[in-house]
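For reference, the chains in residue letters:
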Amino acid sequence: AQSVTQPDIHITVSEGASLELRCNYSYGATPYLFWYVQSPGQGLQLLLKYFSGDTLVQGIKGFEAEFKRSQSSFNLRKPSVHWSDAAEYFCAVGPAAGNKLTFGGGTRVLVKP
Amino acid sequence: DTAVSQTPKYLVTQMGNDKSIKCEQNLGHDTMYWYKQDSKKFLKIMFSYNNKELIINETVPNRFSPKSPDKAHLNLHINSLELGDSAVYFCASSQDIWAGRPSTNTEAFFGQGTRLTVV
């Protein structure tokens, strides 16, 4: 069965500092990995995805993520956070039958001025 | 134009009532689904439809009945609402159904969510 773990429930970071969000997954085959962001009161917006090829993927809003098969990880990074990056971030793996995505529990990012 | 749109955005109702949430996608996709996000922000798939046919039902109570009148719509009807149904419900769509290996055609596009509050 596939699963996703986001070890950090909350992360507080100062504006301008770097950010890294951890994601570990369990999947029986070659995974298709995603990071979504949910801003307060908003829907889910896709930040980036990994399907195959280069293990360092670039996304929107200056985010990037690195797929490490040996560590079953897909960590999200941003070199310099902006106050508008305060949101909930979800890592997901899939799909499986029915296009089911399995989501992690989310990491809430707070940005200090 | 919004790709995946849900209505209403907010819904407050009393226990025991019956309510519907509508979802429409204008992407020409064949697959649509509903996800539920509980109070702890945990997201879990409820239903998946492909070409108007039910593909998966993740042990959702019978009070929840999805209806797909055509490929562009997947509505969610909930009978006899309970306090525990309070959540954010997300509709999503993909071009194709998963066929045993990853494909960019199975990428999900999500709506903005419907916050349902049962009082």
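Structure: see above.
Residues numbered from 1 in each chain as written. Chains lettered and ligands numbered in written order. Predicted model: local features only at pLDDT ≥ 70, side-chain atom pairs only at ≥ 80, totals over all residues. Heavy atoms only, no water.

Scanning chain A from N- to C-terminus turns up zero helices and 12 strands. Computed over its C-alpha atoms, the radius of gyration of chain A comes to 13 Å, within 12% of the 13 Å expected for a compact globule of 113 residues. Principal-axis analysis of the C-alpha atoms gives chain A an extent of 40 × 30 × 20 Å. Look at the contacts in chain A between residues 6 or more apart in sequence, and 54% of them connect residues 24 or more apart. Surface exposure of chain A reaches about 5,000 Å², of which carbon and sulfur atoms provide 51%. A distance of 5 Å separates the average location of the 10 positive side-chain charges in chain A from that of its 8 negative side-chain charges. (Helix = DSSP H or I, 4+ residues; strand = E, 2+ residues; numbered from the N terminus. Rg over C-alpha atoms; globule rule 2.2 N^0.38 Å. Contact = heavy atoms within 4.5 Å. Areas by Shrake-Rupley, 256 points an atom, 1.4 Å probe, with all protein chains shown as cover. Lys, Arg positive; Asp, Glu negative; His and termini not counted. Charge placed at Lys NZ, Arg CZ, Asp CG, Glu CD.)

So, about the nonpolar core. Residues and elements named next belong to chain A. Trp35, Leu48, Phe74, Leu76 and Tyr89 are the most contacted members of the largest nonpolar core, which totals 27 residues. Those elements that place two or more of their residues in this core are strand 2 (10-14), strand 3 (19-21), strand 5 (32-38), strand 6 (44-50), strand 8 (64-68), strand 9 (73-78), strand 10 (87-96) and strand 12 (107-112). Examining the composition of this core, we find that four residues originate from one element, strand 10, more than from any other. With sequence-adjacent residues up to four places away left out, Tyr89 is seen in contact with Gln6, Leu21, Trp35, Tyr36, Val37, Leu47, Phe63, Leu76, Gly106, Thr107 and Val109. (Core = buried A, V, L, I, M, F, W, Y, C linked by side-chain atoms within 4.5 Å. Buried < 20%, exposed > 50% of the residue type's maximum accessible area, 1.4 Å probe, protein only.)

With that settled, the discussion passes to the pairing of strand 11 (residues 114-118) of chain B. Residue and element names in this part refer to chain B. Burial along strand 11 is one-sided: the residues Thr114, Leu116 and Val118 are buried and none of Arg115 and Thr117 is. Two elements, strand 2 (residues 10-13) and strand 11, share four bridges in a ladder whose sense is parallel. Within strand 11, the residue paired with Tyr10 across the bridge is Arg115. Pairing geometry for strand 9 (residues 87-94) and strand 11, over three bridges, is antiparallel. What sits directly across from Val88, in strand 11, is Arg115. (Pairing = 2+ DSSP bridges.)

All right, on to the packing of aromatic side chains then. Inspection of every chain in the model, using the stated rule, returns 16 aromatic pairs over all chains. With centroids separated by 6.4 Å and ring planes inclined at 85°, the aromatic side chains of A:Phe90 and A:Phe103 adopt a geometry described as edge-to-face. Placement of the pair is A:Phe90 in strand 10 and A:Phe103 in strand 11 (residues 100-103), with a sequence separation of 13 residues. With respect to burial, A:Phe90 and A:Phe103 carry one shared label: buried. Aromatic pair B:Tyr35 and B:Phe110: ring centres 5.5 Å apart, planes at 55°, arrangement tilted. With a gap of 75 residues between them, B:Tyr35 in strand 4 (residues 31-37) and B:Phe110 in strand 10 (residues 109-110) connect regions that are remote in the sequence. Overall, B:Phe110 belongs to the buried group, its relative accessible area being 10%. (Phe/Tyr/Trp six-rings, centres within 6.5 Å; stacked < 30°, edge-to-face > 60°.)

All names here are of chain B. All chains considered together, the criterion is met by 10 salt bridges over all chains. A salt bridge links Lys71 to Asp30; the shortest N-O distance between them is 2.8 Å. Of this pair, Lys71 sits in the loop between strand 7 (64-70) and strand 8 (73-78) while Asp30 is found in the loop between strand 3 (19-25) and strand 4, placing the two residues 41 residues apart along the sequence. With relative accessibility at 38%, the residue Lys71 sits in the partly exposed group. Two residues, Asp85 and Arg63, come together in a salt bridge whose shortest N-O distance is 2.8 Å. (Salt bridge = Lys/Arg side-chain N within 4 Å of Asp/Glu carboxyl O.)

Just distances and angles here, no functional claims.
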